[in-house]
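Chain residues, written in single-letter form:
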Amino acid sequence: MSTFTETAPLAPPRPLILRRPKSTTGFSSWFTTVDHKKIAIMYGGTALAFFVVGGIEALLIRLQLAGPNGTVLTASQYNTMFTMHGTTMVFLVGMPLAVAFGNYFIPLQIGARDVAFPRLNMFGYWVVLFGGLFIYSGFLFGGAPNGGWFGYAPLTSSPLSTGTLPGHGPDFWVAGIVLLGIGSTSAAINFIVTVLNMRAPGMTLMRMPVFTWMMLVVAFLTLFAMPIVTSAMIMVFFDRNFDTTFFLASQGGDPLLYQHLFWLFGHPEVYILILPGMGIVSEVLPVYSRKPLFGYSVVVFSGIAIGFLGWGVWAHHMFATGLGPVAISAFGLSTMLIAIPTGVKIFNWLGTVYGGAVKLTTAMLFSLGFIAMFTLGGLSGVLHSIVPSDTQQTDTYFVVAHFHYVLFGGLIFGVFSGFFYWWPKIFGRMLDERMGKLTFWAMLIGFNLTFFPMHIVGLVGMPRRTYTYEPGYGWDMLNLLETIGAFVIALATLLFLVNVIYTARRGPIASSDPWDGRSLEWSISSPPPEYNFADVPRVEARDDWWHRKYTEDADGRLVHLPAGGAVDDAEAEVAIVDDAHAGHGIHMPSPSFYPLVVAAGLPFLGYAAVFLNPWFLVPGLVLILFGVYAWGLEPGTEPGTEH
Ligand code: HEM
Ligand SMILES: [Cu+2]
């Protein structure tokens, strides 16, 4: 029989190897934060930095092609530039930007205090940052990727290809994509669980804001698409290093297998990049049209339909490979089909604006620009789905024009719309509208100047991934225009950054609801407190916040509700004070070191793969195992911390 010699402690002592970080403010807190809003800002800042880098690469490409016989880059540098440009824009700009907005606004829009897995969230961010730096470190250590953003095997997989692809370029690319896949999968899992499990009472799925809906679809696409490309990467890695022959035709392998795997990932990836933009636009248009979104459920279901159909069209990237008439007819048809839900969405957006009290703010301009540019890109996409014309257009600049209309028009215009719309909520200050409008017009004009002529040079035969060309094909003038346009886009981007820096100090303070918004994020202060909602809201309708502000009189006219409605500035102040008060007793997850430790171990595994040097595994595994162990033992919330 044992006897108690002292009062038993309530919980067994925890073997904490490092002291738990306490601070949620100040510089060091950025390395340990688990706050979804701070992590979102880090994602956004990182993605913008990579946008500048990818943009500089684009400018170098365009300088090289500005006139015939360009000498700005060597052929091999050119290969590196377009590969890194594409890889950067897709994996280090597009996906992280979407995750940034999702991270910030999914919890706010569904009335949650955080995402489901705050530390996994933090982990995902650091993996993406380290993964990006890892790929770029190829420039220092033996060759940056140079096999194009689709890294076609056997170009990238054959040991024989060392002649065409000297150095470690493909190795960095292969390992880097796997790392980035780990990061985006973490975010996807978090979004799915957050949306499905953490909605405020009354927030049914069909009351969710469209942005959150689209991010849910994106998260599922990411979750299913990344394993496919990861498998392909591992096979390339094995072909390169361990004498397998998955993709080597000379030894019984099949290069087409790589293309199937890549595009089975790659086409859904395109929707991973565009659906967030569609979601943002679906938030912005109703607010500045002062009307509810036209056909909410149709917009949601067409988004889901795109999510499903996007899996059935991958082989339209392979029409020129001789798949056979039945296969290409089927994929041609399924590709035409996907234009239907897309067209339906465009119709709904126009229906939202039509007859509305439209206010042409910068955010609204970018959303309208999105619709126009994306529609043009969609139309040239339909041309690609017609197999005979695709056979002419494929791998020409016509394709480059098409996918920039879709990606730049769909992703970048959507994201800029989101910047101007949500900036006041995130940073508590308004961006300058005059500078913003100038940014928009410069970007719209620069964009069309850059990419419209690409349709024409493509149709008259300029191949994509052309390093240089002779004069006399009729390409010179158009290429010069494209280059000038690219610099106009660069100016527009610069102006946006100036706007950000300028308004960080001088910008007017934003009220909690500066645009008279419709969704829940506008019901709390700008920026929101760490715990988001002092009282978890009870949701009674779609556009709940709007319905708390307005009602209809007997004649169906909108009436502003005096009380309980929009918080004006004075009330917002009070609300903040109240929040701080109410915040007492709300327990938020505590900061942590360990997700950063685990993430820091992963690039070492990458280097081990690139250099086939097992010694890199040692620091990598030490960091990962220690980090995972400590993370596992650490409680989610430290008792006795402030929140
Ligand atoms: C400043 C604006 C941009 C300019 C001037 C630009 C220019 C170009 C050019 C000229 C190429 C073709 C290179 C070649 O085939 O030799 C290219 C390729 C590409 N761009 Fe852009 N681009 C811009 C922005 C973007 C954005 C925002 C995205 C995506 C979100 C993007 C994604 C891609 C991709 C995926 C490729 C294909 C790379 C490859 O073939 O491996 N670009 N870009
Ligand atoms: Cu596709």
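Residue numbers restart at each chain and count upward from 1, following the sequence in its written direction. The lettering of chains begins at A and the numbering of ligands begins at 1, in the order of writing. Confidence filtering applies because this is a predicted model: local features only for residues at pLDDT of at least 70, side-chain atom pairs given and counted only at 80 or more, and all residues used for totals across whole chains, interfaces and linings. Excluding hydrogens and water, the side-chain figures rest on all heavy atoms present in the structure.

### Quick notes on the coordination of the copper ion (ligand 2)
Okay, so step 1: Distances define the donors: N, O and S atoms within 2.8 Å of the metal qualify, as do those within 3.2 Å of Na, K or Ca. Water is excluded, so some sites may look unfinished. On the protein side, the copper ion (ligand 2) has His 267 (ND1), His 316 (NE2) and His 317 (NE2) as donor atoms, found 1.6 to 2.0 Å from it.
Okay, so step 2: Positions of the donor residues of the copper ion (ligand 2), expressed as sequence spacing, correspond to H-x48-H-H. Here His 267 is found in helix H7 (residues 255–289), whereas its partner His 316 is found in the loop between helix H8 (296–309) and helix H9 (325–353), with 49 residues between them in sequence. Each of the two residues, His 267 as well as His 316, counts as buried. The way it works is that DSSP assigns letters per residue, a run of H or I at least four long becomes a helix, a run of E at least two long becomes a strand, and they are numbered from the N terminus. Burial status follows relative accessibility: with a 1.4 Å probe on protein chains alone, a residue under 20% of its type maximum counts as buried, one over 50% as exposed, and anything between as partly exposed.

### Digging into helix H3 (residues 75–110)
Okay, so step 1: Compared with an ideal rise of 1.5 Å per residue, which puts 36 residues at 52 Å, H3 spans 50 Å between its outermost C-alpha atoms and is within 8% of the ideal.
Okay, so step 2: The positive-phi residue at the C-terminal boundary of H3 is Gly 111, with phi of around 75°. To estimate how far a helix should reach, multiply one less than its number of residues by 1.5 Å.

### A word on the pattern of salt bridges
Okay, so step 1: A pairing counts as a salt bridge when a side-chain nitrogen of Lys or Arg comes within 4 Å of a carboxyl oxygen of Asp or Glu. As enumerated under the stated definition, the model contains ten salt bridges in all.
Okay, so step 2: For Asp 35, the salt bridge identified is with Lys 37, shortest N-O distance 3.2 Å.
Okay, so step 3: On the basis of relative accessibility, which here comes to 11%, the residue Asp 35 falls in the buried class.
Okay, so step 4: Between Arg 548 and Asp 544 there is a salt bridge whose closest N-O contact spans 3.0 Å. On the criterion of helical spacing, the pair formed by Arg 548 and Asp 544 is a turn pair, its members being four residues apart in helix H15 (residues 544–549).
Okay, so step 5: It is possible to trace a salt-bridge network through shared partners that takes in Arg 290, Asp 513, Asp 516 and Lys 549.

### Things to note about the packing of aromatic side chains
Okay, so step 1: Aromatic rings from Phe, Tyr and Trp, with only the six-membered ring used for Trp, were paired whenever their centres fell within 6.5 Å, and each pair was classed as stacked if the ring planes differed by under 30 degrees, edge-to-face if by over 60, and tilted otherwise. Taken as a whole, this structure holds 72 aromatic pairs when the rule is applied.
Okay, so step 2: Measuring from centroid to centroid gives 6.1 Å for Phe 172 and Phe 611, while their planes differ by 85°, and the two rings are edge-to-face. Within this pair, whereas Phe 172 is found in helix H5 (residues 169–197), its partner Phe 611 is found in helix H17 (residues 594–611), the two being separated by 439 residues in sequence.
Okay, so step 3: Accessibility expressed as a relative area gives 29% for Phe 611, which makes it partly exposed.
Okay, so step 4: Seen in terms of ring centroids, Tyr 288 and Tyr 421 are 6.0 Å apart; in terms of plane orientation they differ by 75°. Their pairing is edge-to-face. With Tyr 288 in helix H7 and Tyr 421 in helix H12 (residues 397–427), this residue pair connects regions lying 133 residues apart in the sequence. Each member of the pair, Tyr 288 as well as Tyr 421, is classed as buried.
Okay, so step 5: Note on geometry: a ring has a charge over it if NZ (lysine) or CZ (arginine) is within 6 Å of the ring centre and within 35 degrees of the ring normal. Of note, Lys 38 hangs over the ring of Trp 30, and the distance from its end group to the ring centre comes to 4.8 Å.
Okay, so step 6: Lying across the ring of Phe 150, Arg 465 places its NZ or CZ 4.4 Å from the centre.

### Remarks on the site of ligand 1
Okay, so step 1: Among the 25 residues in the neighbourhood of ligand 1, the closest are listed as Tyr 78, His 85, Trp 149, His 404 and Arg 465.
Okay, so step 2: Side-chain atoms alone can form a polar contact between residues adjacent in sequence; in general such a contact is a pair of N or O atoms within 3.5 Å, and within protein one must be able to donate a hydrogen while the other accepts it. Arg 464 is positioned such that a nitrogen or oxygen atom in its side chain is 3.1 Å from an oxygen atom of ligand 1.
Okay, so step 3: Among the secondary structure elements, those contributing two or more residues to the shell around ligand 1 are helix H2 (36–65), H3, H12, helix H13 (433–459) and helix H14 (476–506).
Okay, so step 4: For the shell around ligand 1, the element with the highest residue contribution is H12, accounting for eight residues.
Okay, so step 5: Considered class by class, the residues forming the shell around ligand 1 number 16 nonpolar, six polar and three charged. One heavy atom within 4 Å of a molecule or strand is enough for the residue carrying it to be called near that molecule or strand. For this classification, the nonpolar set comprises Ala, Val, Leu, Ile, Met, Phe, Trp, Tyr, Cys and Pro, the charged set comprises Asp, Glu, Lys and Arg, and every other residue, Gly included, is treated as polar.

### With respect to a nonpolar patch on the surface
Okay, so step 1: Patches here: salt-bridge-free residues with over 30% relative accessible area, like charges joined within 9 Å, nonpolar side chains (Val, Leu, Ile, Met, Phe, Trp, Tyr) joined within 5 Å. Each accessible area is a Shrake-Rupley result for a 1.4 Å probe, and residues are judged covered by the shown protein chains and nothing else. Where nonpolar side chains cluster on the molecular surface, the patch consists of Ile 234, Phe 238, Phe 242, Phe 246, Leu 257 and Leu 612 and spans about 500 Å² of accessible area.
Okay, so step 2: By secondary structure assignment, the location of Phe 242 is in the loop between helix H6 (210–241) and H7.
Okay, so step 3: A residue is classified by how much of its surface remains accessible, and Phe 242, at 43% relative accessible area, is partly exposed.

### Some thoughts on the environment of Trp 522
Okay, so step 1: One can find Trp 522 in the loop between H14 and H15.
Okay, so step 2: Since its relative accessible area comes to 0%, Trp 522 is described here as buried.
Okay, so step 3: Counting along the chain gives 97 residues from Trp 522 to Lys 425, while the straight-line C-alpha distance between them is 7.5 Å.
Okay, so step 4: Any two residues having at least one pair of non-hydrogen atoms within 4.5 Å are treated as being in contact. When neighbours within four sequence positions are excluded, Trp 522 is seen to be in contact with Tyr 421, Trp 422, Lys 425, Ser 512, Asp 513, Pro 514, Trp 515, Gly 517 and Trp 545.

### A closer look at empty space enclosed by the protein
Okay, so step 1: Here a cavity is any set of points on a 1 Å grid over the protein atoms alone where a 1.4 Å probe fits but cannot get out, and a pocket is any open set with protein on both sides within 12 Å along at least 5 of 7 lines; a residue lines the site when it has an atom within 4 Å of a point. Grid points are joined across faces, edges and corners, and a volume is the space filled by probe spheres set on the points. Applying the stated criterion across every chain yields a total of four cavities of 30 Å³ or more.
Okay, so step 2: Considered as a void within the structure, the largest cavity measures approximately 100 Å³ in volume.
Okay, so step 3: Lining of the largest cavity is provided by Met 95, Ala 98, Val 99, Ser 184, Ala 187, Ala 188, Phe 191, Met 215, Val 218, Ala 219, Thr 222 and Ile 272.
Okay, so step 4: Elements with a minimum of two residues in the lining of the largest cavity: H3, H5 and H6.
Okay, so step 5: Residues that form the lining of the largest cavity fall into these classes: ten nonpolar, two polar and no charged.
Okay, so step 6: Of the volumes computed, that of the second largest cavity is approximately 80 Å³.

### A short note on the confidence of the model for the chain
Okay, so step 1: Across the chain, pLDDT averages 91, with 91% of residues at or above 70.
Okay, so step 2: The predictor reports its confidence for every residue as pLDDT, a score running from 0 up to 100. For residues 1–9, every residue scores under 50 in pLDDT, and the model assigns this stretch zero contacts once sequence neighbours within four places are set aside.
Okay, so step 3: Low pLDDT (under 50) marks residues 565–583, which in the prediction has 22 contacts with non-local residues, meaning those over four places away or in another chain.

### What to know about the nonpolar core
Okay, so step 1: In this text, buried Ala, Val, Leu, Ile, Met, Phe, Trp, Tyr and Cys residues form a nonpolar core when linked through side-chain atoms within 4.5 Å. Among the nonpolar cores identified, the biggest contains 174 residues, and Phe 91, Phe 413 and Phe 419 are the most heavily contacted of them.
Okay, so step 2: The element contributing the most residues to this core is H3, with 20 residues.
Okay, so step 3: Excluding residues within four positions of it along the chain, Phe 91 makes contact with Pro 96, Trp 149, Ile 177, Leu 180, Met 226 and Phe 265.
Okay, so step 4: One finds Ala 315, Ile 328, Phe 331 and Val 387 within the second-largest nonpolar core, a separate group that totals five residues.

### Examining the environment of Lys 22
Okay, so step 1: Within the secondary structure, Lys 22 is located in the segment before helix H1 (29–32).
Okay, so step 2: Expressed as a C-alpha distance, the spacing of Lys 22 and Asp 544, which sit 522 residues apart in the sequence, is 36 Å.

### A look at the coordination of the iron atom of ligand 1
Okay, so step 1: Those donors, His 85 (NE2) and His 404 (NE2), are the protein atoms that reach the iron atom of ligand 1, and they lie 2.0 Å from it.
Okay, so step 2: Around the iron atom of ligand 1 sit six donor atoms; with metal-centred angles ranging over 86 to 180°, the donor geometry is octahedral. Taken as a pair, His 85 in helix H3 and His 404 in helix H12 lie far apart in primary sequence, 319 residues in all.
Okay, so step 3: For His 85, a relative accessible area of 15% puts it in the buried group. Only two sets of limits are used to name each site, 85 to 135 degrees for every angle of a tetrahedral four-donor site, and over 155 degrees for opposite donors with all other angles from 65 to 115 for a square planar four-donor or octahedral six-donor site, with any other site named irregular.

### As for unusual backbone geometry
Okay, so step 1: For the peptide bond that leads from Ala 153 to Pro 154, omega is 10°, which places it in the cis range.
Okay, so step 2: The linkage connecting Ser 526 with the following residue, Pro 527, adopts the cis geometry, with an omega of -15°.
Okay, so step 3: Secondary-structure assignment places Pro 527 in the loop between H14 and H15.
Okay, so step 4: For Asp 516, which is not a glycine, the phi torsion comes out positive at approximately 60°.
Okay, so step 5: You can call Asp 516 buried: its relative accessible area is 14%.

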